[in-house]
Amino acid sequence: MSVLVTGGTGYIGSHTCVELLNSGEDIVIIDNLYNSKTEVLERIKKITGKDITFYNADVRDKAALTEIFNKHNIDSVIHFAGLKAVGESVEKPMLYYDNNLISTINLCEVMKEHGCKNLVFSSSATVYGNAEKMPLYEDMPLGAINPYGKTKWFIEEILRDEAKTGNWSVVLLRYFNPIGAHESGLIGEDPNGIPNNLMPYISQVAVGRLKELSVFGNDYPTKDGTGVRDYIHVVDLSKGHVKAVEYAREHTGCEAINLGTGTGTSVLELKDAFEKASGKKIPFKIVGRRAGDPPTVYANADKAKKLLNWQAEYDINKMCEDTWRWQSKNPKGY
Ligand code: NAD
Ligand code: UD1
């Protein structure tokens, strides 16, 4: 029995592959390497000492998926493959709808044809749209403010409808802000070009690739005026996926579950923690707000504890230490 991991050479996928292998699962990866490199496979092998079956293919390619399901005894799928850059999704909405929606529909069809019913999907806190009340609970109304967010929301709706046929076990994992890296420093986040997200930006300033951090606004109604988010260590997040696969095997239906810590950290607090962890000064300037950024976002994480018996263990300091180990050992990425 194997777990198929789509997007398994990506940032969250690679860390999840390590946790799956460490927990004794057999895995098969499919990734078209659009946003990742094969070097990741060598690193996963180095960490776990285990071999991996990898297919360089697109999840939109039904024939390729069918071949994989014919060859391997796949009982569960974790579907990470997708495009995730908010700004790019506004400029190229069709690219996002095509890649994210078609891949998911294809995957479900092929799973169905092969009697595979357990699906764990990478959703996002972005599906809560512009919610104003915090923390976010899973039963709050859904929405989205950009095409990327809409792909996550629409896929959730599609999977909820499909699960009503009674033949599925779907877990929709809504991630908050994943940061950090495996503590070996061998795998981590390696964005293409200039990072859009805060943590990779800070770590590239620390390692000398970027000059200074721009803090997007210090006039928010938060503790120090800067944006507050629920940062979660990618290894904690990955362990949540192992639990979600186990849960899917034992249940039917469809559940949405937040994966967050329930704690908010501001931009300046994260910068300070990173300075402490790295011993490097992070020069910064305050600039205007980024369009669409809410002041504060954090999870209520009780449902994950209740259904999956999972909760985040690592704090912001550990997230910064592990990011720095990865970034300083791999200043140019993979
Ligand atoms: P990532 O870009 O590092 O990984 C995604 C992987 O999917 C990449 O390796 C890419 O090459 C592959 N891929 C994309 N489209 C594909 C296709 N059609 N066929 C085959 N492979 C394809 O991103 P990540 O940060 O690891 O995110 C994984 C998932 O989690 C994504 O679906 C993302 O939207 C979701 N998510 C990420 C975050 C975050 O902050 N990183 C937050 C919420 C949700
Ligand atoms: C962003 C996306 C969200 C996506 C998530 C994970 C937007 C509007 N939102 O979330 O849809 O699910 O990434 O990929 O893009 N900040 C700075 N300077 C920077 C970068 C960020 O001050 O250079 C601030 C932001 O204003 C925010 C915080 O840092 O307050 C975190 O930003 P980021 O890491 O981009 O995550 P989100 O905006 O929460």
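Summary of the structure given here. (Residues numbered from 1 in each chain as written. Chains lettered and ligands numbered in written order. Predicted model: local features only at pLDDT ≥ 70, side-chain atom pairs only at ≥ 80, totals over all residues. Heavy atoms only, no water.)

Topic: a nonpolar patch on the surface
A cluster of nonpolar side chains, I105, F154 and I158, forms an exposed patch at the surface whose accessible area comes to about 220 Å². Locating I158 in the fold gives a position in helix α6 (residues 147–163). (Patch = residues over 30% accessible without salt bridge, like charges linked within 9 Å, V, L, I, M, F, W, Y side chains within 5 Å. Areas by Shrake-Rupley, 256 points an atom, 1.4 Å probe, with all protein chains shown as cover. Salt bridge = Lys/Arg side-chain N within 4 Å of Asp/Glu carboxyl O. Helix = DSSP H or I, 4+ residues; strand = E, 2+ residues; numbered from the N terminus.)

Here we look at the site of ligand 2
Taken together, 18 residues lie near ligand 2, and L198, S214, R229, R290 and D293 sit nearest. At 2.8 Å from an oxygen atom of ligand 2 is found a main-chain nitrogen or oxygen belonging to F216. R229 is positioned with one of its side-chain polar atoms (N or O) 2.6 Å from an oxygen atom of ligand 2. Relative to its unbound accessible area of 740 Å², ligand 2 is 86% covered by the protein chains. Within the shell around ligand 2, the residues separate by chemical class into eight nonpolar, seven polar and three charged. (Near = heavy atom within 4 Å. Polar contact = N/O pair within 3.5 Å; in protein donor to acceptor, adjacent residues only side chain to side chain. Nonpolar A, V, L, I, M, F, W, Y, C, P; charged D, E, K, R; others polar.)

As for the nonpolar core
In this structure, I27, V171, L173 and L259 are the most contacted members of the largest nonpolar core, which totals 35 residues. Residue assignment for this core shows that the elements contributing at least two residues are β1 (2–6), α1 (11–22), β2 (26–31), α2 (39–48), β6 (169–175), α8 (234–250), β11 (253–259) and α10 (302–308). A per-element tally of this core places α8 first, with eight residues. Once you skip the residues sitting within four places of it in the chain, L259 turns out to touch L173, R174, Y175, F176, I232, L237, G240, H241, A304 and W310. With 28 residues, the next largest nonpolar core counts L4, A57, I155 and A163 among its residues. (Core = buried A, V, L, I, M, F, W, Y, C linked by side-chain atoms within 4.5 Å. Buried < 20%, exposed > 50% of the residue type's maximum accessible area, 1.4 Å probe, protein only. Contact = heavy atoms within 4.5 Å.)

A look at the packing of aromatic side chains
Summed over the entire model, instances satisfying the criterion amount to four aromatic pairs. Aromatic pair F274 and W324: ring centres 6.0 Å apart, planes at 85 degrees, arrangement edge-to-face. Taken as a pair, F274 in helix α9 (residues 267–278) and W324 in helix α11 (residues 316–329) lie far apart in primary sequence, 50 residues in all. Of the two residues, F274 and W324, both sit in the buried class. Put simply, the rings of Y97, W153 and F154 touch in pairs and so form one group of aromatic residues. Geometry around Y314 places K318 over its ring, the cationic atom sitting 5.1 Å from the centre. (Phe/Tyr/Trp six-rings, centres within 6.5 Å; stacked < 30°, edge-to-face > 60°. Lys NZ or Arg CZ within 6 Å of the ring centre and 35° of its normal.)

Thoughts on the packing of helix α7 (residues 198–206) against α11
Relative placement of two packed helices is described by the angle separating their axes and the distance separating the axes. Running from amino to carboxyl end, α7 crosses α11 at an angle of 55 degrees, the nearest separation of the two axes being 10 Å. Considered as vectors, α7 and α11 are oriented oblique to each other. Crossing handedness for the pair α7 and α11: right-handed. Note on element contacts: α11 touches α7 through M319, C320, T323, W324 and Q327, opposite M199, S203, Q204 and A206. (Axes fitted to C-alpha atoms, helices over the stretch in contact; angles between N-to-C directions. Parallel < 35°, antiparallel > 145°, perpendicular 65-115°, else oblique. Left-handed = near helix turned anticlockwise from the far one by under 90°.)

Notes on the packing of α1 against α2
Direction vectors running N to C along α1 and α2 enclose 30 degrees, while the axes themselves pass 10 Å from each other. In terms of axis orientation, α1 runs roughly parallel to α2. Here α1 and α2 pass one another in a crossing that is right-handed. Residue-level contacts link S14, C17, V18, L21 and N22 of α1 to V40, I44, I47 and T48 of α2.

Things to note about the site of ligand 1
Lining the immediate environment of ligand 1, one finds 27 residues, of which I12, D31, N35, S36 and K84 sit closest. Between Y34 and ligand 1, the recorded distance is 3.1 Å, taken from a backbone N or O atom to an oxygen atom. Protein contacts shield 95% of the accessible area of ligand 1, which totals 820 Å² for the unbound molecule. Contributing elements (two or more residues each) for the shell around ligand 1: α1, β5 (118–124) and α6. When residues in the shell around ligand 1 are grouped by element, the largest group, three residues, is from β5. When the residues that make up the shell around ligand 1 are grouped by side-chain class, the tally is 11 nonpolar, 11 polar and five charged.

It is worth stressing that arrangement in space is one thing and function is another; only the former is reported here.
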